[in-house]
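# Descriptive structure summary
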Amino acid sequence: MVVILKNNVTEAQIEDIKKHLEDYGFQVHESRGEAKTILGAIGVNPGFDIRKIKILDGVTDVYRVTAPYKMASRNFKEENTIIKIGDVEIGSNEIILMAGPCSVESEDQIFRLAKVVAESGSKVLRGGAFKPRTSPYSFQGMGLEGLKIMRAAADEYGLLMVTEVMQISQIEIIAPYTHIFQVGARNMQNFGLLKELGDTSIPVMLKRGLAATIEDWLMSAEYILANGNSEVMLCERGIRTFETYTRNTFDLSAIPVVHERSHLPVVADPSHATGYRKQVAPMARAAVAAGADSLMIEIHDKPEEALSDGPQALLPVDYISLVQELKVIAKAIGRTL
Ligand code: PEP
Ligand code: MN
């Protein structure tokens with residue numbers, strides 16, 4: 001249930017309304033926007049007569065939320081969520097670029113690529129130290145050592161870092177190093193992991209599952225939000241379809257659909273969405289045009305030697321020229337990059 005409060009509502013009235021909702025068995029979440037304050041009342045109470053709340057002083061409107069996700073919904077929070085990390089804002093008018101290798105492979109490699117990321121004007125260095133590989137015989141990542149050298153490279157070039165967490169036990173290992181936790185497609189419905197990430201105060205980038213509907217994906221975001229972490233961004237990385245000429249099918253329309261239904265920022269990952277270098281730039285351009293708040297792109301200067309995802313990595317020179325094109329598209333739709 002969503003309770004919209006009057007513009008001139010007093011603090012005492014807000015407390016009184018919250019007390020009523022709690023007494024009726026609801027868990028209350030408050031959302032203060034510039035224009036409106038909204039209370040989200042969460043709880044299963046199907047026969048509840050919403051007029052009991054409508055008549056309270058300070059309330060302007062009450063309605064039931066039919067979507068199963070609540071805190072992730074735009075009904076609960078009208079304004080876009082902007083995630084601020086240092087001086088970087090994800091979800092604002094500025095489109096934020098994240099780039100780097102699929103995996104951290106060596107100190108030399110991550111420093112070389114961090115330099116490219118910084119020179120391109122991108123703000124976030126990506127790279128996996130714990131890798132979710134489809135085969136247990138493939139490279140599994142450098143682990144803690146990878147985190148240390150990645151953070152050193154990010155700091156050296158004034159970048160933020162994002163890296164994947166695959167299981168609960170890795171949260172405390174990764175937390176001291178990363179600025180953003182990435183939850184990979186294969187873990188989108190690892191609800192135990194999502195709940196624990198909800199307990200941290202580090203922003204989370206939640207990738208869409210390989211076969212997840214947008215509703216499944218928003219429900220997973222809800223797990224993190226409902227556990228207390230409001231800094232969640234959603235990353236579209238392609239879904240599995242019958243098509244074989246691409247690694248996945250990039251669901252471009254998910255970008256406006258999520259923006260309509262949710263206030264959370266949307267990141268697009270054209271690298272995993274397509275799986276082939278040639279397809280990355282066209283889909284990156286399309287993602288900016290479609291309204292993505294951020295892009296995550298894999299790059300490598302020796303893709304033939306990459307320990308994972310070499311075929312989809314852009315060469316530094318191609319990434320740098322793509323960024324110039326993206327700036328033009330961003331400008332055309334009234335955004336900066
Ligand atoms: C990755 O970002 O390298 C990755 C493994 O992504 P996904 O979870 O989308 O497959
Ligand atoms: Mn990858």
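Not measured: the values here are computed from a predicted model. (Residues numbered from 1 in each chain as written. Chains lettered and ligands numbered in written order. Predicted model: local features only at pLDDT ≥ 70, side-chain atom pairs only at ≥ 80, totals over all residues. Heavy atoms only, no water.)

## Re the coordination of the manganese ion (ligand 2)
- Bound to the manganese ion (ligand 2) on the protein side are Cys-102 (SG), His-272 (NE2), Glu-298 (OE) and Asp-309 (OD), at distances that span 2.0 to 2.4 Å.
- Within one chain, the residues serving as donors to the manganese ion (ligand 2) are arranged as C-x169-H-x25-E-x10-D. Residue His-272 is found in helix 9 (residues 270-274), and its partner Asp-309 is found in the loop between strand 14 (294-298) and helix 11 (316-332); the two are separated by 37 residues along the sequence.
- Residue Asp-309 is classed as buried on the basis of its relative accessible area, which comes to 17%. (Donors = N, O, S within 2.8 Å, 3.2 Å for Na, K, Ca; no water. Helix = DSSP H or I, 4+ residues; strand = E, 2+ residues; numbered from the N terminus. Buried < 20%, exposed > 50% of the residue type's maximum accessible area, 1.4 Å probe, protein only.)

## Overview of the site of ligand 1
- Near ligand 1 you find 13 residues, and of these Arg-126, Gln-182, Ala-185, Lys-207 and Arg-237 are the closest.
- At 2.8 Å, a side-chain N or O of Lys-207 approaches an oxygen atom of ligand 1.
- Within the contact set of ligand 1, an oxygen atom lies 2.6 Å away from a side-chain nitrogen or oxygen of Arg-237.
- Of the residues belonging to the shell around ligand 1, the class tally is 3 nonpolar, 3 polar and 7 charged. (Near = heavy atom within 4 Å. Polar contact = N/O pair within 3.5 Å; in protein donor to acceptor, adjacent residues only side chain to side chain. Nonpolar A, V, L, I, M, F, W, Y, C, P; charged D, E, K, R; others polar.)

## Topic: the packing of helix 10 (residues 277-290) against helix 11
- Where helix 10 contacts helix 11, the axes come no closer than 9 Å and their chain directions differ by 25°. Between helix 10 and helix 11, the angle falls in the class roughly parallel. In this structure, helix 10 meets helix 11 at a crossing whose hand is right-handed. Of helix 11, the residues touching helix 10 (which contributes Ala-281, Ala-284, Arg-285, Val-288 and Ala-289) are Leu-322, Glu-325, Leu-326, Ile-329 and Ala-330.
- In terms of residue class, the contact of helix 10 with helix 11 is built from 8 nonpolar, no polar and 2 charged. (Axes fitted to C-alpha atoms, helices over the stretch in contact; angles between N-to-C directions. Parallel < 35°, antiparallel > 145°, perpendicular 65-115°, else oblique. Left-handed = near helix turned anticlockwise from the far one by under 90°. Contact = heavy atoms within 4.5 Å.)

## Considering the packing of helix 6 (residues 191-198) against helix 7 (residues 214-226)
- At their nearest, the axes of helix 6 and helix 7 sit 6 Å apart, and the two run at 40° to each other. Regarding the angle of helix 6 to helix 7, the classification is oblique. In terms of crossing hand, the pair formed by helix 6 and helix 7 is right-handed. On the side of helix 6, the interface is formed by Phe-191, Leu-194, Lys-195, Leu-197 and Gly-198, while helix 7 contributes Ser-220, Tyr-223 and Ile-224.
- Residue classes in the contact of helix 6 with helix 7 are distributed as 5 nonpolar, 2 polar and 1 charged.

## Remarks on the domain arrangement of the chain
- Here the domain parsing of the chain yields domain 1 (2-63) and domain 2 (83-332).
- One C-alpha centre belongs to domain 1, the other to domain 2, and the line joining them spans 36 Å. (Domains from an automatic or database assignment.)

## As for the packing of aromatic side chains
- The tally for this structure, following the rule as stated, stands at 3 aromatic pairs.
- Considering the side-chain rings of Phe-191 and Tyr-223, the 4.4 Å spacing of their centres and the 25° angle between planes classify their relative orientation as stacked. Here the residue Phe-191 occupies a position in helix 6, and Tyr-223 occupies one in helix 7, the gap between them amounting to 32 residues.
- Members of the aromatic cluster, joined through ring pairs, are Tyr-24, Phe-26 and Phe-48. (Phe/Tyr/Trp six-rings, centres within 6.5 Å; stacked < 30°, edge-to-face > 60°.)

## A closer look at the pattern of salt bridges
- In the structure shown here, the tally under the stated rule is 19 salt bridges.
- Asp-155 is paired through a salt bridge with Arg-151; the nearest N and O atoms lie 2.9 Å apart. Of this pair, Asp-155 and Arg-151 both sit in helix 4 (residues 144-156), 4 residues apart, roughly one helical turn.
- You can call Asp-155 partly exposed: its relative accessible area is 46%.
- Here Glu-325 ties to Arg-285 by a salt bridge, and the two come within 2.7 Å at their closest N and O atoms. Taken as a pair, Glu-325 in helix 11 and Arg-285 in helix 10 lie far apart in primary sequence, 40 residues in all.
- Assessed through its relative accessible area of 34%, Glu-325 is described here as partly exposed.
- Connected through shared salt-bridge partners, Glu-11, Glu-15, Lys-18, Glu-30 and Arg-32 make up one network. (Salt bridge = Lys/Arg side-chain N within 4 Å of Asp/Glu carboxyl O.)

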